[in-house]
Structures are given as structure tokens and as C-alpha cells.
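# A closer look at the structure
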Amino acid sequence: MAGSDLQFTKKDLRQITDDRSWERGVGYFDDERVEILLVDDGVIHARVAGTDDYRVQLWVKDGEIEGECSCPMGDDGVFCKHCVATGLAFLAGEAEVVEATGSTKARQRSRRRAKKQDKSITPDDVRTFLTRQDKSRLVEIIMDRLPWDDDLRQKLFLRAARSGKGGPNISAYRKTITDATHIGGRGFVEYRAAWDFVRRIDAAVDSIQELLDEGCASEVIELSEHAIARCEQALGSMDDSSGNMGGILERLCEIHHAACLSAKPDPEELARRLFRWEIETSYDTFYGAAETYADVLGKKGLTEYRRLAQSEWDKLPPLAPGQDRHSYDHNRYRLTSIMESLARASGDVEKLVAVMSKDLSSAYRYLQIAKVYQQDGQPDAALKWAECGLKEPAGRPDERLEDFVADEYHRRRRHDEAMALIWGQLERSPSLHTYTHLKKHADQAKEWSNWRQKALELVHRRIGEAQRRPHSQDRWAYHRPMDHSLLVEMYLWEKDAESAWQEAQVGGCSNTLWMTLAKHREKDHPADALAIYRKQIDPMVNQTGNDAYREATGLVRTIGQLMIQLGERKQFAAYLAEVRATHKRKRNFMKMLDRLD
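Keep in mind the model is a prediction, meaning the values are calculated, not measured. (Residues numbered from 1 in each chain as written. Predicted model: local features only at pLDDT ≥ 70, side-chain atom pairs only at ≥ 80, totals over all residues. Heavy atoms only, no water.)

Here we come to the pairing of strand β2 (residues 43–49). The pairing of strand β1 (residues 34–40) with β2 spans 6 bridges and is antiparallel. Residue pairing in the sheet places D40 in a bridge with V43 of β2. What sits between β1 and β2 in their antiparallel hairpin is a turn of 2 residues, with D41 showing a positive phi close to 55°. Sheet topology note: the β2/strand β3 (residues 53–61) ladder contains 6 bridges and is antiparallel. Note on β3: the bridge partner recorded for V48 is Y54. With antiparallel pairing between neighbouring strands as the criterion, β2 and β3 make up a hairpin whose turn holds 3 residues. (Pairing = 2+ DSSP bridges. Helix = DSSP H or I, 4+ residues; strand = E, 2+ residues; numbered from the N terminus.)

Taken together, 4 strands build an open sheet; the order of strands is β1-β2-β3-β4 and the sheet is antiparallel. Edge positions in the sheet fall to β1 and β4 (64–69), since each of these pairs with one other strand and no more. Neighbouring strand axes in the sheet, compared pairwise and without regard to direction, differ in orientation by 20° on average. As paired strands, β3 and β4 are joined by 6 bridges and run antiparallel to one another. Following the sheet pairing, K61 is matched in β4 by E64. (Axes fitted to C-alpha atoms, helices over the stretch in contact; angles between N-to-C directions.)

The subject of this paragraph is the layout of surface pockets. A volume near 1500 Å³ is recorded for the largest pocket. If you trace the largest pocket, you find 44 residues lining it, with R55, Q57, D151, W195 and R199 closest to the centre. Elements represented by at least two residues in the lining of the largest pocket include exactly β2, β3, β4, α3 (72–75), α7 (123–131), α9 (150–162), α11 (191–213) and α13 (244–263). Sorting elements by how many residues they give to the lining of the largest pocket places α11 first, with 13 residues. (1 Å grid on protein atoms, 1.4 Å probe; cavity = no way out; pocket = protein on both sides within 12 Å on 5 of 7 lines; lining within 4 Å. Points joined across faces, edges and corners; volume = space filled by probe spheres on them.)

Turning to helix α20 (residues 379–391), a few remarks are in order. Between the first and last C-alpha of α20 there are 19 Å, a value that for 13 residues agrees with the 18 Å anticipated at 1.5 Å per step. Where α20 is concerned, the buried positions are A382, L383, A386 and G389. Down the axis of α20, the smallest arc covering the buried residues is 120°, so these residues share one side. Of the residues in α20, the exposed ones pointing more than 90 degrees away from the buried face are D380, K384 and K391. (Expected span 1.5 Å × (residues − 1). Buried < 20%, exposed > 50% of the residue type's maximum accessible area, 1.4 Å probe, protein only. Arc of directions from axis to C-beta.)

As a further point, take a negative patch on the surface. Together, D62, E64, E66 and E68 give the surface a local cluster of negative charge. According to the relative accessible area criterion, D62 is exposed, its value standing at 76%. (Patch = residues over 30% accessible without salt bridge, like charges linked within 9 Å, V, L, I, M, F, W, Y side chains within 5 Å. Areas by Shrake-Rupley, 256 points an atom, 1.4 Å probe, with all protein chains shown as cover. Salt bridge = Lys/Arg side-chain N within 4 Å of Asp/Glu carboxyl O. Lys, Arg positive; Asp, Glu negative; His and termini not counted. Charge placed at Lys NZ, Arg CZ, Asp CG, Glu CD.)

Within this structure, the stated rule accounts for 11 aromatic pairs. Relative to F90, the ring of F8 lies with its centre 5.7 Å away and its plane at 25°, an arrangement referred to as stacked. One end of the pair, F8, is in the segment before α1 (10–15); the other, F90, is in helix α4 (residues 81–90), with 82 residues separating them in the sequence. Exposure remark for F8: the relative accessible area of 6% places this residue in the buried category. We note K358 situated over the ring of W313; from NZ or CZ to the ring centre the distance is 4.6 Å. Lying over the aromatic face of W423, K454 brings its terminal NZ or CZ to 4.6 Å of the ring centre. (Phe/Tyr/Trp six-rings, centres within 6.5 Å; stacked < 30°, edge-to-face > 60°. Lys NZ or Arg CZ within 6 Å of the ring centre and 35° of its normal.)

What follows deals with unusual backbone geometry. Unusually for a residue other than glycine, K495 sits at a positive phi of about 65°. Tracing the backbone through its elements, the reader meets K495 in the loop between α26 (485–493) and α27 (497–507). Notably, T544 is not glycine yet its phi reads approximately 60°, a positive angle. In this structure T544 comes out as partly exposed when scored by relative accessible area, which is 46%.

Written as C-alpha cells, this is what we have:
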């Protein structure tokens, strides 16, 4: 970044910015929200007032503008509106920027800055001043600032802790990490304050990395573990929607692993710490530790890790079908994951199945075991486990398991058994999904014609039954209106728009489907489409809001085209006047309609 040439134009800024960021950045610039703090060594440093005060840095590298911003968009690597505003502010004295904004404010500001330009103090002036001071004066300047500048204080404390005669002062490092992660009287770190909070922690992590780079691996193991524990604790009391703290934890784990590789701590003791951490933490900080640290633990450490896992595993009771898998031990999920990982690493499928079969609380567990055998090239064992899962009466059948078994039946040419399973899905829940799923399997059996007819009859029968019963007593009708929407969907999926139209005429359908049908009938049956569209205008406009008005205006335009096609130009003029009279109080809608004239 340092030493770059700050030569760029408004056009350069525009080319790297999306429309929304550019528009809002120009607005921020016009509202004078940018304060250029420093331009030093080819880098523009600025503060931009937005939802919060954001720090921006801009520079030019290889002829292209680059930037960083402390806002959430900037954290994601986007050249945000704050970067745009900063770039425009830097160029404010040039005529090119005045043309870009066309604003009186920009012209006035440019003239003011031009007058002040000759009197401004530059970073070089400050650098010259500092080089003229003796050492004691520089120390005095820094110490005067130290109590009030959190970033400077933390940085200097850590530098001092690292440069002691007896090696790095680990206690001081621990205290700095503790202070940086301290929530304190705030109780909770809100989203807007989270970036500053995490930034101080990140600076402390930088110092831990520097210690590792200097060869203090043993000390870094202790410090990174302390930092991980503190960060996990802080996560419970902050809004980390941006994921920055998660990124810091990931980085700390990488530093910890690198330090362990370098320092080669006692493998058994490390195994004990990693195991405890993995099963007790509320986060996935050391998830899969045995695999990640295999190069550090070696044979001795992995043996200890397996011993600890097996000891805890033996204490867990098996879970039978229908039992609550979380009712015994809150660590069960993590421990199961550890044992499965160790079993996979051994390459022994039977060991893996033995671990997995300790929890048969759901049909899905049978499916997981079946897939293990399938991947191992044992289709008979896979089918046996899957069929056992189908026989368990625990709640609603798992359709994923049914699909697995049906696919295997098809492979063995047992098509009737496969279709019985898939038909059951349609019977339990008639929907477009289960209908199309039925076709997929019926095609394998080459019997779609028969199954299609059965499915249509089933849906017709269910609709009739639902219409004859009170709505409150019909569970199927609770999830689907008692009209012909499903039949319309099915015919449209089959690209049979005429049959879909007939079903809608007989039994009605949802507004969305009416609109779809109208689109299909515009070309050959414009009067049908017109009747549907006219019914939609009032409900659309009554939703209020510009989006609804734009949609309604577009539909009015379509109505006009259809009426002209039908030779009803005069009638459209009367219709448009009627719409205006009905919704005359909605001024934005009226303005949009004006553009149709």
C-alpha cells in the first residue's frame, strides 16, 4: 500500500463502483460527511459519518484504485459508498468532480479548499517536526497521548511486553488479551460497536503472530489458548452478525496449530486439552481436532485421544427408535462426531457402523448407515439397514429413506415395491412435488400413464372430500385451499395450459395461478386474459407502496394493449379514467399512470 501514486479521476472511481454505492457515495460527499484525516505515503486516511463513524483508506496500486472501510460492506471487500465519498472528497478541488456531482455544495467546497490549500499542514511537515525533537520530547508527546488512545496504548504495551530483557512478558500479554476481550459494564456489544471491539482483539492477535514469527512457540501456545477462551466467552455477549469474531477464532486456531508444530508439546497432555475443548465448547473452535492435529499428536497423542473418547463414549446409553437423542447428554453430538471421525480414519466400516448404530433414534440414522454400506460397495447390507428403518413406527416416514429404498428396488427391477413407497408419499401429501416425484419413479418402471391417471383421480377425490367437510376438520385442506389449484399446477407443469384453464374454470385457483393462466391465454384468447387482469388491479393498488404501484401500472399497460388488440381503444380510455377515479388519492400511482398517456 505504501508509496503508491495517488493519480486517479472521477471516471476511475465510477468504473470500480456499482450503481447503488456510487449514487449513495455522491450523496455522502454532497452532504459533507467526509473528513480527510491524513494523506501520507500514497494513502488517503478519512473518517466518514454514516450509521457510525467509519474509517476509510484509499490508495492506487498498479494503476487501479483500492480501498478499505470499517463498515460491514467494506469488511466483505466491497468498494463501498464510504470509499466513493472519500475518493470524491480527495478530488474535490478538481473541475472533474464538480461536473460529476453538479452540486452547488461541491463548487463552494472546492473554492474553500483551494483557498486553504497553501496554508495546510502535511504529513511531511509533521515528520520534519518530529525528527527535530530529542528523544525525551518524543517520549513525552507519546506518553501524554497514551491514556486517551486505546489503540496506541495497546500497541505500545504489547511492544514493551515483547522487548523485555528476560524475553516476552507473558503475564502482560495475557492481561492485554483479557482487556481487549473484556465486555465490561456494556453487558453486550451491539452490532455498531462490534467492529471497534473486534479490531482491538485483532491487533492483539497480530502481536501473538509476531511472537510466533520470532520463535516463541511455547509462549504462543499458552497465549493463543487464553485468547481462544476469551473470544469464545465474548461471543456470547456480542452481535457478531458480520462474522468477524468467527474469523479471529479461525486465525487463532491456525496460530495455535503452527505453534504446536514448532514447539512440539507433550502429545498426551495436548491430546487431553484438545479433547476437553472439543466436547465442552459451545462453538466449533477445535472441531475435528484429532484429524487437524494428527501431525502434532503422533501415535502417542492419538492413542490418548482415542482412549479419552472411548471412555466417554462407553458412558453413553444407546438410543432406540423414537427416543429423544438429546435427552441423555448435551455432549452426545460432539462425542458421536469424534467417534465417527476416528472410525473413518481407521478405514474399518464395521467400526463406523458400530458407532453410528448407537443412536437409532430416527429413521434418518438408518439411512446414514445404509449410505455407508452403499459407498463401501455392500448393496445388500445397505438395503437391509434401510428396510429396517422403514419398519420403525416412529412418527411420519422419512421420505429420504423411502427414496433410497425405492431407488434400490428399481435397480433390482422390483418396480412394484418401489412404486408402492412413492405412491404412499403422494397419498400422505398431494402436491406438485410428490406428483413430479411419482413421475420420475414411474418412468423407471415404464408405467407413467397408469400412475398418472391414479394420481389425477386421487387429487380430484381429495378435493371433493375436502369441500364436503367443514374446513376445520380437514387436515389436508388446512395446507391447501379447497379449489383446483393443485390440478392447475399439475397440468401447467405438463405444459397442458388448456386443461389447466378448464380446471380453473371448474373449481377456481389461486391469484398467482390465475395470472399465469392469463399469460398463457394472451395470444390466442386475449379476452380471457383481459378479464383476469382487470380483477387484479384493485387488490394490487390497495397493497400500497411504490413497488405495488409499479406492478399495477405495468398491468394497466398490458390491459391497454389487449383492449386495443380487441378493438376497444375507446373503452380503454374509459377504463383508465375509472381506475384514476377509484385510486385518485394515491398520488404516486397517479404519477405513474400519467406516464402511460
